[in-house]
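# Coordinate analysis (summary)
Below, each chain spelled out in residue letters.
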Amino acid sequence: IDDLRRLQKCRSKEHDEHLFIVIHQVYELWFKELDVEISSVLDMMKDLRQIDVMMLTIVSRLQRVTVIMKILVDQIKVLETMTPLDFLDFRHELGTGTGFQSVQFRLIEAKLGIRQVCSAGRSVGMTTVEFLPTL
């Protein structure tokens, strides 16, 4: 917990910057859990001989993924309590970040088969199998 709290250093004196940081940390924690769940499902599905035995576990973990995704969407409501003007008060302190720079989110996209996974364009058109070794 102490390590996580140390990462909550605001660059400005604006009150809502802390909320912004915490929301993004929570997203990253959920992305990590999604990665764990999706990876386990993909691993189980590799062994087609055992798929019938593991189907209940696979379905359960995919249901968990669905619930986490709903939480991620609902979490936006907390961020929406900050007005655009409140955000602009500290936006300049964030640098050139776009908000689409989560490596974990890109990894999840790749594992789920989304082809265009890098905003830098290095994997545009690459299949998931081609892209994953580059991470």
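The paragraphs below set out a description of the structure included in this document. Quantities reported herein were computed from a predicted structural model and do not represent experimental measurements.

## Considering the packing of helix 2 (residues 15-46) against helix 4 (residues 84-91)
Viewed as axis vectors pointing N to C, helix 2 and helix 4 meet at an angle of 90 degrees, and their least axial separation amounts to 9 Å. Between helix 2 and helix 4, the angle is such that the two are roughly perpendicular. In this structure, helix 2 contributes Asp16, Glu17 and Phe20 to the contact, and helix 4 contributes Asp86, Phe87 and Phe90. A per-class count over the contact of helix 2 with helix 4 returns three nonpolar, no polar and three charged.

## Focus on the pattern of salt bridges
Two side chains bearing opposite charge may form a pair once their charged atoms approach each other closely. Under the defined criterion, the tally for this structure stands at seven salt bridges. Aspartate 43 is paired through a salt bridge with lysine 46; the nearest N and O atoms lie 3.5 Å apart. With aspartate 43 and lysine 46 both in helix 2 and three residues apart, the pair spans about one turn of that helix. The residue aspartate 47 makes a salt bridge to arginine 49 at a minimum N-O spacing of 3.5 Å. Given the relative accessible area of 23%, aspartate 47 is considered partly exposed. Since its relative accessible area comes to 74%, arginine 49 is described here as exposed.

## Regarding a nonpolar patch on the surface
Together, Leu4, Leu7 and Leu29 line one region of the surface with nonpolar side chains, adding up to about 290 Å² of accessible area. With respect to the helices and strands, leucine 4 occurs in helix 1 (residues 2-6). On the basis of relative accessibility, which here comes to 31%, the residue leucine 4 falls in the partly exposed class.

## Details of the side chain of glutamate 17
Among the structural elements, glutamate 17 can be located in helix 2. Of the side chains with opposite charge, arginine 11 lies nearest to the buried glutamate 17, which makes no salt bridge, at 5.5 Å. At a separation of 2.9 Å, a polar atom in the side chain of glutamate 17 contacts the main-chain amide nitrogen of arginine 11. Leaving out residues up to four positions away in the same chain, glutamate 17 has contacts with Cys10, Arg11, Ser12, Phe90 and Leu94.

## Let's talk about the packing of aromatic side chains
Applying the stated criterion across every chain, the model contains five aromatic pairs. Ring plane angle 45 degrees and centroid distance 5.3 Å describe the contact between phenylalanine 31 and phenylalanine 105, whose orientation is recorded as tilted. Of this pair, phenylalanine 31 sits in helix 2 while phenylalanine 105 sits in helix 5 (residues 103-111), and the two are 74 residues apart along the sequence. Using a relative accessible area of 32% as the deciding quantity, one classes phenylalanine 105 as partly exposed. The rings of Phe20, Phe87 and Phe90 are connected pair by pair, giving a single aromatic cluster.

Each value, and the rule that gives it
- Residues numbered from 1 in each chain as written.
- Predicted model: local features only at pLDDT ≥ 70, side-chain atom pairs only at ≥ 80, totals over all residues.
- Heavy atoms only, no water.
- Axes fitted to C-alpha atoms, helices over the stretch in contact; angles between N-to-C directions.
- Helix = DSSP H or I, 4+ residues; strand = E, 2+ residues; numbered from the N terminus.
- Parallel < 35°, antiparallel > 145°, perpendicular 65-115°, else oblique.
- Contact = heavy atoms within 4.5 Å.
- Nonpolar A, V, L, I, M, F, W, Y, C, P; charged D, E, K, R; others polar.
- Salt bridge = Lys/Arg side-chain N within 4 Å of Asp/Glu carboxyl O.
- Buried < 20%, exposed > 50% of the residue type's maximum accessible area, 1.4 Å probe, protein only.
- Patch = residues over 30% accessible without salt bridge, like charges linked within 9 Å, V, L, I, M, F, W, Y side chains within 5 Å.
- Areas by Shrake-Rupley, 256 points an atom, 1.4 Å probe, with all protein chains shown as cover.
- Lys, Arg positive; Asp, Glu negative; His and termini not counted.
- Polar contact = N/O pair within 3.5 Å; in protein donor to acceptor, adjacent residues only side chain to side chain.
- Phe/Tyr/Trp six-rings, centres within 6.5 Å; stacked < 30°, edge-to-face > 60°.

These figures capture arrangement, not role.
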